[in-house]
Amino acid sequence: MRDHEVAGLLDHVVATVELPPGLAQRVIARSQARRRRRLLLWGGTAVVVVAAGALLLPQLGPAGSEGGGTGPSAAADVPAGIVGSDGRQVTQAQVVAVGRVGTETLVLIRREPRAAGEQAVEVLTVADGGEPRRLLDYLSYDLACVDGDVVCAAIRSTGGGLGVAVARRSGGRLYVLVQAPQGRTVEVVANGVPHPVGAAPRGAVVEVVADEPYDEVQVWASTEDGRRYRIPWAPGAVLVD
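Note that the coordinates shown come from a computational prediction; the quantities given were computed from them, not determined experimentally.

### What to know about the sheet that holds strand E8 (residues 193–199)
Phase 1 of the analysis: Read across the sheet, four strands follow the order E8-E7-E10-E11 without closing on themselves; strand pairing throughout is antiparallel. At either margin of the open sheet sits one strand with a lone partner, and together these are E8 and strand E11 (228–230). The sheet shows a mean angle of 25° between the axes of neighbouring strands, taken without regard to direction.

### Observations concerning helix H3 (residues 150–157)
Phase 1 of the analysis: Along H3, the residues that are buried comprise Val151, Cys152, Ile155 and Arg156. In a view along the axis of H3, the buried residues occupy a sector of 135°, so they form one face of it. For H3, the exposed residues lying more than 90 degrees away from the buried face are Val150 and Ser157.
Phase 2 of the analysis: Where H3 begins, the side chain of Asp149 points an oxygen toward the backbone nitrogen of Val151, at a separation of 3.3 Å.
Phase 3 of the analysis: Downstream of H3 by one or two residues, Gly159 has phi in the positive range, about 85°.

### Focus: the pairing of E8
Phase 1 of the analysis: Summarising the sheet, strand E7 (residues 185–190) and E8 pair through six bridges and their orientation is antiparallel. Residue pairing in the sheet places Glu187 in a bridge with Pro196 of E8.
Phase 2 of the analysis: The antiparallel hairpin formed by E7 and E8 contains two residues in its connecting segment, where Asn191 sits at a positive phi of about 50°.

### Remarks on the side chain of Glu118
Phase 1 of the analysis: Considering the arrangement of structural elements, one finds Glu118 in the loop between strand E2 (104–111) and strand E3 (119–127).
Phase 2 of the analysis: No salt bridge is formed by the buried Glu118; its nearest oppositely charged neighbour, Arg114, is found at 6.4 Å.
Phase 3 of the analysis: Polar side-chain contacts of Glu118 include one of 2.6 Å to the side chain of Tyr138.
Phase 4 of the analysis: What Glu118 contacts, discounting residues up to four positions off in sequence, is Pro113, Tyr138, Ser140 and Leu143.

### As for the confidence of the model for the protein chain
Phase 1 of the analysis: When pLDDT is averaged along the protein chain, the result is 77, and 69% of the positions lie at 70 or above.
Phase 2 of the analysis: The secondary structure element of the protein chain with the lowest average pLDDT is helix H2 (residues 23–60), at 41, and the one with the highest is E7, at 98.
Phase 3 of the analysis: Counting contacts from residues 35–66, a segment whose pLDDT is below 50, to residues more than four positions away or on other chains yields eleven contacts.

### Side note on the state of the cysteines
Phase 1 of the analysis: Summed over the entire model, instances satisfying the criterion amount to one disulfide.
Phase 2 of the analysis: Between the sulfur atoms of Cys145 and its disulfide partner Cys152 the distance amounts to 2.4 Å. Taking the torsion about the sulfur-sulfur bond, which here is approximately -85°, the covalent link between Cys145 and Cys152 counts as left-handed.
Phase 3 of the analysis: By relative accessible area, Cys145 is classed as partly exposed at 24%.

### Re the pattern of salt bridges
Phase 1 of the analysis: Applying the stated criterion across every chain yields a total of seven salt bridges.
Phase 2 of the analysis: Between Arg134 and Glu122 there is a salt bridge whose closest N-O contact spans 2.6 Å. Here Arg134, found in strand E4 (residues 132–141), pairs with Glu122, found in strand E3; they are twelve residues apart in sequence, far enough to count as distant.
Phase 3 of the analysis: Residue classification places Arg134 among the partly exposed residues on the basis of a relative accessible area of 33%.
Phase 4 of the analysis: We classify Glu122 as buried; its relative accessible area is 2%.
Phase 5 of the analysis: Residues Glu207 and Arg173 are paired through a salt bridge, measuring 3.6 Å at the closest nitrogen-oxygen approach. With Glu207 in strand E9 (residues 204–208) and Arg173 in strand E6 (residues 173–179), this pair connects stretches of sequence that are 34 residues apart.

### Observations concerning the environment of Tyr138
Phase 1 of the analysis: Relative to the helices and strands, Tyr138 resides in strand E4.
Phase 2 of the analysis: Exposure remark for Tyr138: the relative accessible area of 16% places this residue in the buried category.
Phase 3 of the analysis: It is 9.6 Å that separates the C-alpha atoms of Tyr138 and Ile109, two residues lying 29 residues apart in sequence.
Phase 4 of the analysis: Among the polar contacts made by the side chain of Tyr138, one reaches the main-chain amide nitrogen of Arg114 at a distance of 2.8 Å.

So, how was this worked out
- Residues numbered from 1 in each chain as written.
- Predicted model: local features only at pLDDT ≥ 70, side-chain atom pairs only at ≥ 80, totals over all residues.
- Heavy atoms only, no water.
- Pairing = 2+ DSSP bridges.
- Helix = DSSP H or I, 4+ residues; strand = E, 2+ residues; numbered from the N terminus.
- Axes fitted to C-alpha atoms, helices over the stretch in contact; angles between N-to-C directions.
- Buried < 20%, exposed > 50% of the residue type's maximum accessible area, 1.4 Å probe, protein only.
- Arc of directions from axis to C-beta.
- Polar contact = N/O pair within 3.5 Å; in protein donor to acceptor, adjacent residues only side chain to side chain.
- Lys, Arg positive; Asp, Glu negative; His and termini not counted.
- Salt bridge = Lys/Arg side-chain N within 4 Å of Asp/Glu carboxyl O.
- Contact = heavy atoms within 4.5 Å.
- pLDDT = per-residue confidence, 0-100.
- Disulfide = S-S within 2.5 Å.

Shown next, in the form of structure tokens:
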């Protein structure tokens, strides 16, 4: 009941019954005091909740913003028990790139190319606590440049390789695992949002926000002399289960 309604009701009672003087004013004052105490209590509780949230959120780790996902993570360790398509234990020299993708580790293992000039990998994933699983038996990459990218063509002709990038959907998120030869830095651009990755000779992972990686995500590498080129997506480089 509002203050003016309380006052009106008491005025009506006072008109018919003799009550102590100033009762209406005291009742209204006490009602207002109770409301102020409730507001103060609610406000204090809200401050405690917000403070607790501020303490807890950093422990939960980055959740990915609407504009662009999370920062890059360095190359992960190759899980034990990885074997190649030939059934042999994989050596470090065979690993082109490795990185943590959500709750799994993605491993790109060098394959013998089927054609001259190709570079190829097989792609395995290892879920936390799980066994290695082969996602792709053969991914041919590093064969082509974006039309008109003369820097890309020049880098390609040196035989040093452009680098490789794969996108992996995991747990509703999109991760890009990228590798570029020594002496180059990498940047991933998703829907116009840049994600500086830095050097990634062993691979690095960045989480991005995009629906169609082939259309909305670009992977760029820069050489030490400042030249910049695209690392093209290979057919099949966007990995889905």
